[in-house]
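If you want the building blocks of each chain, they are given just below.
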Amino acid sequence: MDEKHVVVTGGAGFLGSHLCERLLQQGHQVTCLDNFLTGSPGNVAHLLDDPAFTCTRTDLTEFVHVPGPVDLVLHFASPASPIDYLRLPIQTLKVGAIGTWHALGLAKEKGARILLASTSEVYGDPQVHPQPESYWGHVNPIGPRGVYDEAKRYAEALTTAYRTSEGLDTAIVRIFNTYGPRMRPSDGRAIPTFIRQALAGEPLTVAGDGSQTRSVCHVDDTVSGILGLAFSTHPGPVNIGNPDERSVLRIAEDVVAATGSRSAIEFIDRPVDDPAVRRPDTTLAEQLLGWKPQVDWEEGLRSTVAWFREALDPERPAALQ
Ligand code: NAD
């Protein structure tokens with residue numbers, strides 16, 4: 001693959017930092033733009049010695065400037081976990097709208113391809129299961145999750161408008177729940193919450209009766225799928241996620257087993273508009289990109305637990321700065 005200059009917005013976040021790392025491993029030049037709203041410089045600290053890597057504090061909703069030619073923009077800047085977007089509703093809508101507009105403007109100025117990180121949340125609480133890309137979704141625009149879901153739906157519409165009216169080379173990836181190292185232990189998503197609780201010997205708090213389902217994909221697989229689409233010519237939208245669906249209760253039980261914890265399971269109220277089921281139809285990703293998740297759940301969970309164990313070690317607080 002030819003060496004490219006890739007701009008990753010939100011590159012100091014969970015997914016963004018893994019993308020920067022993989023792109024550098026593949027020999028590309030990488031510019032990370034991030035305002036560290038929900039990400040952290042610590043996530044990319046290990047990359048700073050690489051001369052092919054630059055990280056600049058930039059708020060995408062204010063302006064964006066990158067010197068020199070750019071081949072590809074990966075637009076990942078946005079609060080992503082429910083705890084973050086409920087705490088930052090206006091910032092979430094602004095980065096989805098104005099931030100996406102600026103990212104598209106950068107791609108247009110540079111003649112670059114741009115990939116928008118969209119989400120399975122555009123399907124809302126789905127009435128079609130599993131969800132193919134052709135499904136229009138079931139979203140409550142004025143519900144608490146609406147700020148994230150509608151920001152991403154707007155971002156998809158804006159990206160599509162630039163493609164059809166400006167001829168911009170665009171791609172949309174709809175990412176389903178992803179887990180792995182560098183998730184924040186307190187970001188409110190089920191897997192880091194369960195691992196943190198299990199390692200602390202606290203009860204694992206399962207929402208509702210735990211029968212609602214999630215399909216979780218290891219970050220190594222998600223990154224391979226995203227880059228597969230980014231370096232193709234397909235516009236998408238393409239679902240990237242693991243169709244291996246399990247109940248939230250089963251995920252909690254697996255975390256207890258993987259950590260060797262004696263924690264009990266405690267049932268708490270379900271959040272408003274929490275989707276009952278979620279599973280990607282990945283036929284398109286398989287057909288277009290030859291992509292399928294490879295990481296086995298037990299193995300992925302084991303290595304994620306190992307990372308959290310180290311990151312939460314009070315002797316090594318720097319890991320989570
Ligand atoms: P994250 O919060 O770890 O990363 C988001 C990054 O964007 C952070 O580093 C944050 O500081 C940065 N950011 C936010 N607002 C910004 C702004 N105005 N200007 C510049 N930077 C800004 O979240 P993540 O889980 O890595 O998600 C990254 C992207 O992938 C998001 O767009 C999210 O919607 C999408 N996504 C993630 C998942 C998942 O399972 N993690 C699933 C679906 C979609």
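Quantities reported herein were computed from a predicted structural model and do not represent experimental measurements.

Conventions adopted
Residues numbered from 1 in each chain as written. Predicted model: local features only at pLDDT ≥ 70, side-chain atom pairs only at ≥ 80, totals over all residues. Core = buried A, V, L, I, M, F, W, Y, C linked by C-beta atoms within 7 Å. Buried ≥ 20, exposed ≤ 12 C-beta atoms within 10 Å, placed from the backbone. Contact = placed C-beta atoms within 7 Å. Axes fitted to C-alpha atoms, helices over the stretch in contact; angles between N-to-C directions. Helix = DSSP H or I, 4+ residues; strand = E, 2+ residues; numbered from the N terminus. Parallel < 35°, antiparallel > 145°, perpendicular 65-115°, else oblique. Left-handed = near helix turned anticlockwise from the far one by under 90°. Nonpolar A, V, L, I, M, F, W, Y, C, P; charged D, E, K, R; others polar. Near = placed C-beta within 6 Å. UniProt positions renumbered as here; feature names shortened; annotations may be inferred.

Novice: Kindly report on the nonpolar core, identifying the contributing residues and their values.
Specialist: Counting residues in each nonpolar core, the largest one holds 79 residues, and the members touching the most others are Val8, Cys20, Val73, Leu74, Val173, Phe194 and Val255. With near-sequence residues (within four places) excluded, Phe194 lies in contact with Leu204, Ile251, Ala252 and Val255.

Novice: Would you mind going over the packing of helix α3 (residues 89–110) against helix α4 (residues 146–166) in detail, with residue names and values included?
Specialist: One way to put it is that α3 packs onto α4 with a least axis distance of 9 Å and a crossing angle of 15°. The pairing of α3 with α4 is recorded here as roughly parallel in orientation. Seen from above, α3 lies across α4 with right-handed handedness. For the pair α3 and α4, contact is made by Pro89, Thr92, Leu93, Gly96, Ala97, Thr100, Trp101, Leu104 and Lys108 and by Val147, Tyr148, Ala151, Lys152, Tyr154, Ala155, Leu158, Thr159, Tyr162 and Glu166, respectively. In terms of residue class, the contact of α3 with α4 is made up of 12 nonpolar, 4 polar and 3 charged.

Novice: Tell me about the site of the ligand, and name the residues and values.
Specialist: As a structural note, the neighbourhood of the ligand is formed by 29 residues, with Gly10, Gly13, Thr38, Gly39 and Ala80 the closest of them. Mapped by element, the contributors of at least two residues to the shell around the ligand are α1 (14–25), α3 and β5 (113–119). In terms of residues, the shell around the ligand owes the most to one element, α1, which gives 3 residues. A per-class count over the shell around the ligand returns 13 nonpolar, 13 polar and 3 charged.

Novice: Can you break down the UniProt feature "domain: NAD-dependent epimerase/dehydratase" (unreviewed entry) in the protein residue by residue, with the values?
Specialist: As recorded in UniProt, the sites labelled "domain: NAD-dependent epimerase/dehydratase" (unreviewed entry) are residues 6–241. Split by type, residues 6–241 is 35% helix and 19% strand. Its first and last C-alpha atoms lie 23 Å apart.

Novice: If you had to explain the packing of helix α5 (residues 190–199) against helix α7 (residues 248–259) to someone new, which residues and values would you point to?
Specialist: To characterise two packed helices, one gives the angle between the axes of the helices and the distance between these axes. Viewed as axis vectors pointing N to C, α5 and α7 meet at an angle of 40°, and their least axial separation amounts to 9 Å. Taken together, the axes of α5 and α7 lie oblique to each other. Seen from above, α5 lies across α7 with right-handed handedness. Across from Ala190, Ile191, Phe194, Ile195, Ala198 and Leu199 in α5, the residues of α7 making contact are Val248, Ile251, Ala252, Val255, Val256 and Thr259. Of the residues belonging to the contact of α5 with α7, the class tally is 11 nonpolar, 1 polar and no charged.

Novice: Account for the environment of Pro51, naming residues and giving values.
Specialist: Relative to the elements of secondary structure, Pro51 occurs in the loop between β2 (29–34) and β3 (53–57). According to the C-beta neighbour criterion, Pro51 is exposed, with 7 such atoms within 10 Å. In this structure the C-alpha to C-alpha distance between Pro51 and Leu24, which are 27 residues apart in sequence, comes to 9.9 Å.

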